[in-house]
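Next come the chains, spelled out residue by residue.
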Amino acid sequence: MTRLRIKTKLLLLSLGITAFCALSFFVIANYTLYRGGEYILEQSLNLGRESAEKSRTTLEDQTRLNLTQLVGIQAQTGNNFFNSVHMEVNTMSKFCKLLWETDGQSLGQYATDKNERELSHIYRLAPGVDKKVVQGEFMRLRTMGNVFKPYLFDNANLDSLFLGTQTGINILWPDTGGRANKPYDPRIRPWYKNTVARDGIGWTEIFKGASTSKLMIACSGPVRTREGELKGVIGITVTLDEMLKVISSQVKEVGYAFLLDKGGNVIAFPALGQEERIKDYGLGNLLETKNEELSNIVKKMVAGQNGFSRIRLNSGEKFIGFAPIKETGWSMAVVISAKTALKLADETKKYIMDYTLSKKERIISVIVDIQKYLMAFFIGVLLITILVAVKMSDKISKPILDLTQGVKKVGKGDLDLNFEIKTGDEIETLAEAFNTMTNDLKLYIKNLKETTAEKEKIQSELQVATKIQASMLPRIFPAFPERDEFDIFASMIPAREVGGDLFDFFFISENKFCFLIGDVSGKGVPASLFMIIAKTLIKNEALRGIPPEEIFTNVNNALCENNDESMFVTAFICIIDLETGRLDFANAGHNPPLQKIAFKGGTYDFMTPATGFVLGGMPDFSYVKESFVMAPGDIIFLYTDGVNEAMNPDYNEYTDLRLKALLSKEDTDDVNEIVELVNQDVKHFANDAEQSDDITILTFKYNGLKE
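Residues numbered from 1 in each chain as written. Predicted model: local features only at pLDDT ≥ 70, side-chain atom pairs only at ≥ 80, totals over all residues. Heavy atoms only, no water.

Brief notes about the overall build of the chain
Where we set the bar: Counting from the N terminus, the helices are the DSSP runs of H or I reaching at least four residues and the strands are the DSSP runs of E reaching at least two. We call a residue buried when its accessible area falls under 20% of the maximum for its residue type, exposed when it is over 50%, and partly exposed in between, using a 1.4 Å probe and counting protein chains only. The contact criterion used is simple: two residues touch if any of their non-hydrogen atoms lie within 4.5 Å.
Within the chain, the secondary structure is distributed over 16 helices and 22 strands. When the 707 residues of the chain are sorted by exposure, 42% land in the buried category. For the chain, contacts bridging at least 24 residues in sequence account for 67% of all contacts bridging at least 6.

Quick word on the sheet that holds strand β12 (residues 330–337)
Quick reminder of the rule: For two strands to pair, DSSP has to find at least two bridges joining them. For helices, the fitted line uses only the C-alpha atoms of the stretch in contact; every axis is such a line through C-alpha atoms, and the angle between N-to-C directions lies from 0 to 180 degrees.
Spatial ordering of the open sheet is given by β9-β8-β12-β11-β10, a layout of five strands whose pairing is antiparallel. Of all the strands in the sheet, the pair left with one neighbour each is β9 (266–268) and β10 (307–313). Adjacent strand axes in the sheet meet at a mean angle of 35° when their direction is disregarded. When strand β8 (residues 255–260) meets β12, the two strands line up antiparallel, connected through six bridges. By the bridge assignment for β12, L260 is matched with S331. Together, β8, β10, β11 (316–325) and β12 form the strand contacts of helix α7 (residues 292–302), whose direction differs from that of β10 by roughly 155°.

Structural notes on α7
Under the convention used in this document: Here, the arc refers to the directions that run from the helix axis to the C-beta atoms.
Burial in α7 covers these residues: L294, S295, I297, V298 and M301. Projection of α7 onto a plane perpendicular to its axis shows the buried side chains occupying an angular sector of 160°, all on one side. At its buried positions, α7 is contacted by β8, β10, β11 and β12. Downstream of α7 by a residue or two, G304 has a phi angle that is positive, lying close to 80°.

Notes on the packing of aromatic side chains
Applied cut-off: Pairing of aromatic side chains requires ring centres within 6.5 Å, counting the rings of Phe and Tyr and the six-membered ring of Trp. Pairs whose planes differ by under 30 degrees are stacked, by over 60 edge-to-face, and all others tilted. Note on criteria: charge over ring means Lys NZ or Arg CZ within 6 Å of the ring centre, with the direction from the centre no more than 35 degrees off the ring normal.
Applying the stated rule across the entire model yields 29 aromatic pairs. Consider the rings of F477 and F505, whose centres lie 5.9 Å apart with planes at 50°: the pair is tilted. Separated by 28 residues along the polypeptide, F477 in the loop between α11 (426–472) and β13 (486–493) and F505 in strand β14 (residues 501–507) bring together distant segments of the chain. A residue is classified by how much of its surface remains accessible, and F477, at 24% relative accessible area, is partly exposed. Judged by relative accessible area, F505 falls into the buried class, the value being 6%. Each member of the aromatic cluster is reached from another via a ring pair, and the members are F477, F480, F486, F489, F505, F507, F513, F515 and F700. The side chain of R124 reaches across the aromatic face of Y184, ending 4.0 Å from its centre.

Here's the deal with the packing of helix α15 (residues 656–665) against helix α16 (residues 671–686)
To describe two helices that pack against each other, one gives the angle between their axes and the distance between the axes. The cut-off we apply is this: Any angle that is under 35 degrees is reported as roughly parallel, and any over 145 degrees as roughly antiparallel; angles of 65 to 115 degrees are reported as roughly perpendicular and all others as oblique. It is the rotation of the near helix from the far one that decides the hand of a crossing: anticlockwise by less than a right angle makes it left-handed, clockwise makes it right-handed. All residues other than Ala, Val, Leu, Ile, Met, Phe, Trp, Tyr, Cys, Pro, Asp, Glu, Lys and Arg, Gly among them, are scored as polar; the first ten of these are nonpolar and the last four charged.
Closest axis-to-axis distance for the α15/α16 pair is 11 Å, and the angle between their directions is 135°. Put simply, α15 runs oblique to α16. The element α15 and its partner α16 pack so that their crossing is right-handed. Contact with α15, carried on its side by R658, L659, L662 and L663, involves I674, L677, V678, D681 and F685 of α16 and no other residues of that element. Looking at the contact of α15 with α16 residue by residue, the class counts come to seven nonpolar, no polar and two charged.

Describing the pairing of β13
Burial of β13 is extensive: six of the eight residues sit out of reach of the surface. Direction of pairing for β13 relative to strand β22 (residues 695–702): antiparallel, over a ladder of eight bridges. In the strand pairing of β22, F486 is matched with Y702.

Re the pattern of salt bridges
In plain terms, the rule: We count a salt bridge whenever a side-chain nitrogen from Lys or Arg sits within 4 Å of a carboxyl oxygen from Asp or Glu.
Evaluated as defined, the whole model comprises 13 salt bridges. Two residues, D669 and K596, come together in a salt bridge whose shortest N-O distance is 2.5 Å. Of this pair, D669 sits in the loop between α15 and α16 while K596 sits in strand β18 (residues 594–596), placing them 73 residues apart in sequence. Take D669: its relative accessible area is 32%, and that puts it in the partly exposed class. Residues joined by salt bridges that share partners form a network here, namely R310, R312 and E317.

A closer look at the sheet that holds β18
The strands that make up a sheet pair up through hydrogen bonds in the backbone, lying either parallel or antiparallel. On the basis of which strands lie adjacent, the open sheet formed by five strands has the order β13-β22-β21-β18-β19 and antiparallel pairing. Whereas interior strands pair on both sides, the edge strands pair on one side only; in this sheet they are β13 and β19 (604–606). Sheet twist, expressed as the average angle between the axes of neighbouring strands with direction ignored, equals 15°. Bridging between strand β21 (residues 635–639) and β22 involves five bridges; their strand directions are antiparallel. Paired with F637 across the two strands is T699, which belongs to β22. The strands touched by α15 are β18, β19 and β21; relative to β19, the strand with the most contacts, the crossing angle is about 155°. On the sheet, α16 packs against β13, β19, β21 and β22 and is oriented at approximately 155° with respect to β22.

Some details on unusual backbone geometry
The residue after W173, namely P174, is reached through a cis peptide bond having omega -15°. Turning to its location among the elements, P174 is positioned in the loop between β3 (169–173) and α5 (190–198). The omega torsion across F477 and P478 is 0°, close enough to zero to call that bond cis. Within the secondary structure layout, P478 lies in the loop between α11 and β13. One non-glycine residue, Y651, lies in the positive phi region at around 65°. Summarising the element assignment, Y651 is placed in the loop between α14 (641–644) and α15. On the accessibility criterion, Y651 (67% relative accessible area) is exposed. Its identity as a non-glycine residue notwithstanding, T655 has a phi of 75°, on the positive side. As for its placement among the helices and strands, T655 is situated in the loop between α14 and α15.

Considering the environment of E561
Relative to the elements of secondary structure, E561 occurs in the loop between α13 (548–560) and β16 (569–577). Between the alpha carbons of E561 and P619 there is a distance of 8.4 Å; along the sequence they are 58 residues apart.

Below, the structure is given as structure tokens:
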């Protein structure tokens with residue numbers, strides 16, 4: 001493999017970096033320019049769209065406002081018209097009542113002037129009525145035509161005045177060209193019967209005139225005497241054609257209007273007068289339409305609401321404004337074409353978009369020109385870089401080559417070599433560092449020899465300490481083979497050469513046996529020394545035969561004296577009477593043990609002892625003794641927090657729940673197997689993670705006395 005000189009590498013490196021930077025700049029600039037052009041074009045298009053949409057939205061809002069105002073005005077106009085008709089019918093009803101009450105007296109004041117022509121009328125009788133019998137009544141009532149003649153002629157929207165009596169008379173002003181001799185009974189006509197049933201002035205449903213066959217509606221009211229006797233029904237008719245003129249007076253140029261009654265039926269519509277099918281609305285009752293949007297609008301109209309909606313009908317998109325006519329309880333709607341209303345906005349949008357797109361070619365041309373300038377700049381920078389790189393590589397490479405030769409000599413053991421390089425840059429600093437390195441190497445080699453010797457000495461002493469600590473803990477199992485009343489087994493796996501955990505078991509008397517476990521704060525040599533002291537104190541106090549709570553009280557006070565390092569130990573002690581199985585125990589801040597009660601199925605549960613305070617933490621602390629009786633086959637499992645707090649590489653803890661589940665699952669009463677089983681499971685869980693704390697376990701099984 002051919003090796004390149006450092007000069008060549010420096011030259012290639014500088015050229016490569018420069019070329020890469022220049023090329024990157026060119027690519028980024030070109031891309032940015034291209035994206036910038038696209039962005040400008042896109043923003044221009046968006047601006048055009050937004051302007052057009054805002055124009056369209058503004059015009060639509062204005063249309064909504066104008067249409068709402070227009071339909072409100074038209075509804076008010078219709079309401080005023082119907083209200084005036086209502087008032088006139090009321091006046092006619094009072095006048096007619098007056099005619100009946102005068103019974104023919106003072107008729108001269110209502111007579112027609114001789115120079116004035118009487119208003120034409122149609123006079124009809126119900127079949128079976130004698131004309132002579134009702135002639136007087138007719139002569140009184142006919143004067144009404146001339147009285148209300150001015151109102152009828154001044155209101156071109158009105159069709160006629162009509163009167164029907166309980167005696168069978170029917171008068172219609174003016175003469176509509178119908179046949180006067182045609183039998184006609186007003187009392188059986190819907191307008192008469194509905195008015196009597198209503199017993200008040202109101203509007204009828206749409207009906208076809210008997211004389212003209214025109215579609216019309218009527219405002220009618222009953223005429224009664226002071227005693228309440230019904231004399232007849234009087235009213236005014238309005239044709240739908242004339243009504244349509246009233247409601248469409250201001251919308252002919254922009255659209256059309258229509259009326260709905262309380263039941264959703266079309267009362268007046270541009271095509272209804274010719275009895276043609278309505279293209280956009282279908283049936284006469286719009287509540288039956290299949291168009292869901294239209295159905296929602298009709299429901300609002302029938303409910304008497306004001307509103308504005310945009311809807312798509314068969315003939316295209318429409319704007320519909322609607323308002324109630326309070327006099328009749330009907331609703332009026334004005335419809336205009338959305339296309340017509342928004343025509344100006346659509347034309348404006350098209351103009352803006354066409355203008356924006358026309359600028360696209362100019363923007364692309366400018367981008368291409370800038371790209372050419374960038375290419376020329378890139379080539380110029382590359383040529384200049386080559387010339388500068390050749391010169392600089394010569395200057396830089398020489399001192400580096402000198403240092404390379406010096407390193408080879410140092411590698412061969414020449415630590416007295418020094419360089420004198422004056423370049424005024426990092427190479428000079430490198431030479432000084434090289435000189436410092438050779439001096440430091442000489443010193444380091446000397447110190448390393450001394451440190452290695454010291455470390456070997458400390459390691460040897462730690463091995464001795466490990467053996468001493470191990471010898472102080474019970475390590476011969478089975479511990480008391482001659483005693484069949486119990487089985488006991490314990491183990492400790494220190495996290496370092498020496499540990500801070502402790503366990504112990506011994507006889508206090510012939511039938512009293514003590515076993516305990518503890519965990520010293522901290523690790524290493526200090527913890528191991530404190531452990532030895534605590535273990536010794538506990539055993540000495542226990543051998544005095546005192547109860548467990550006094551043992552902990554005395555040991556706690558002893559450890560608190562001169563405890564400048566503030567170390568402490570958690571511990572759990574048990575004293576069992578092997579004859580009775582009575583177990584006395586006390587807790588000094590240690591983990592609660594697990595207990596297996598044989599007659600309960602062999603599962604393990606945590607004991608719930610009083611917590612107590614740690615030993616060595618607070619003088620004169622009073623500990624609590626607790627007791628229970630063990631039955632043959634019962635097991636006590638003591639452990640330190642190195643078990644339940646063991647961690648795997650993902651920093652997950654082993655946990656008390658996992659420990660309980662493991663012991664309950666495995667069907668074994670052998671104390672050796674129980675300890676080994678837990679140790680193996682903790683090791684498997686840790687999965688080669690570094691052990692952070694000592695792992696100590698003590699298992700005691702009570703067998704009871706032999707029979």
